[in-house]
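Take a look at the letters that make up each chain.
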Amino acid sequence: MFDFVFGPDYAATKPILLLAALVMPPLFVRQLTTKAYILTNEGARLALIELSGLIAVLAILLLAVPHY
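Residues numbered from 1 in each chain as written. Predicted model: local features only at pLDDT ≥ 70, side-chain atom pairs only at ≥ 80, totals over all residues. Heavy atoms only, no water.

A. How the structure looks around the overall build of the protein. Check the secondary structure of the protein and you find 3 helices and 0 strands. Tracing the protein from N to C terminus, the helices and strands come up as α-α-α. Here the C-alpha atoms of the protein give a radius of gyration of 16 Å, more than 25% beyond the 11 Å that 2.2 N^0.38 yields for 68 residues. When the 4 basic and 4 acidic side-chain charges of the protein are each reduced to a single mean position, those positions are 9 Å apart. (Helix = DSSP H or I, 4+ residues; strand = E, 2+ residues; numbered from the N terminus. Rg over C-alpha atoms; globule rule 2.2 N^0.38 Å. Lys, Arg positive; Asp, Glu negative; His and termini not counted. Charge placed at Lys NZ, Arg CZ, Asp CG, Glu CD.)

Encoded structure:
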């Protein structure tokens, strides 16, 4: 389907687009959990979770993007 829509010139971007498609649904769940942590005054735990998520995203980007 991807090749039909975008053509063979964009075949190298398939893994990054697949990664983006898999990450989008958890982003909506993240918004709900962030609001829940704020409502329950769990700010320190929320900060640790956000920091670990940021480090994971940066690691994924550093591993995935330079190949293209």
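Now that the structure has been shown, we can carry on.
B. Broad picture of the layout of surface pockets. Roughly 530 Å³ of internal volume is contained in the largest pocket. Every residue lining the largest pocket is counted, 21 residues in all, and those nearest its centre are Val-23, Leu-27, Arg-30, Gly-53 and Val-57. Put simply, the parts of the chain that give the lining of the largest pocket at least two residues each are helix 2 (14–39) and helix 3 (43–64). For the lining of the largest pocket, a count of residues per class yields 16 nonpolar, 3 polar and 2 charged. (1 Å grid on protein atoms, 1.4 Å probe; cavity = no way out; pocket = protein on both sides within 12 Å on 5 of 7 lines; lining within 4 Å. Points joined across faces, edges and corners; volume = space filled by probe spheres on them. Nonpolar A, V, L, I, M, F, W, Y, C, P; charged D, E, K, R; others polar.)

C. A look at unusual backbone geometry. Backbone geometry places Asn-41, a non-glycine residue, at a positive phi of 55 degrees. Considering the arrangement of structural elements, one finds Asn-41 in the loop between helix 2 and helix 3. Taking the relative accessible area as the measure of exposure, Asn-41 reaches 71% and is therefore exposed. (Buried < 20%, exposed > 50% of the residue type's maximum accessible area, 1.4 Å probe, protein only.)

D. Local environment of a nonpolar patch on the surface. On the surface, Ile-16, Leu-51, Leu-54, Ile-55, Val-57, Leu-58, Leu-61 and Val-65 cluster together to form a nonpolar patch covering roughly 680 Å² of accessible area. Residue contributions to the nonpolar patch peak at 6 residues, all from helix 3. The topology assignment puts Leu-61 in helix 3. (Patch = residues over 30% accessible without salt bridge, like charges linked within 9 Å, V, L, I, M, F, W, Y side chains within 5 Å. Areas by Shrake-Rupley, 256 points an atom, 1.4 Å probe, with all protein chains shown as cover. Salt bridge = Lys/Arg side-chain N within 4 Å of Asp/Glu carboxyl O.)

E. Summary view of the pattern of salt bridges. If you walk through the whole model with that rule in mind, you get 2 salt bridges. Here Glu-50 and Arg-30 are joined by a salt bridge, their closest N and O atoms 2.5 Å apart. Highlighted residues: Glu-50 in helix 3 and Arg-30 in helix 2, separated in sequence by 20 residues. As a salt-bridge pair, Glu-42 and Arg-45 come within 4.0 Å of each other at their nearest N and O atoms.

F. Representation of the packing of helix 2 against helix 3 in the model. Close contact between helix 2 and helix 3 brings their axes to 11 Å; oriented N to C, the two are set at 165 degrees. When the axes of helix 2 and helix 3 are compared, the pair comes out roughly antiparallel. Both helix 2 and helix 3 take part in a crossing whose hand is left-handed. Contacts from Leu-19, Arg-30, Thr-34, Tyr-37 and Ile-38 in helix 2 reach Arg-45, Leu-46, Ile-49, Glu-50 and Ile-60 in helix 3. Among the residues making up the contact of helix 2 with helix 3, the classes are represented as 6 nonpolar, 1 polar and 3 charged. (Axes fitted to C-alpha atoms, helices over the stretch in contact; angles between N-to-C directions. Parallel < 35°, antiparallel > 145°, perpendicular 65-115°, else oblique. Left-handed = near helix turned anticlockwise from the far one by under 90°. Contact = heavy atoms within 4.5 Å.)

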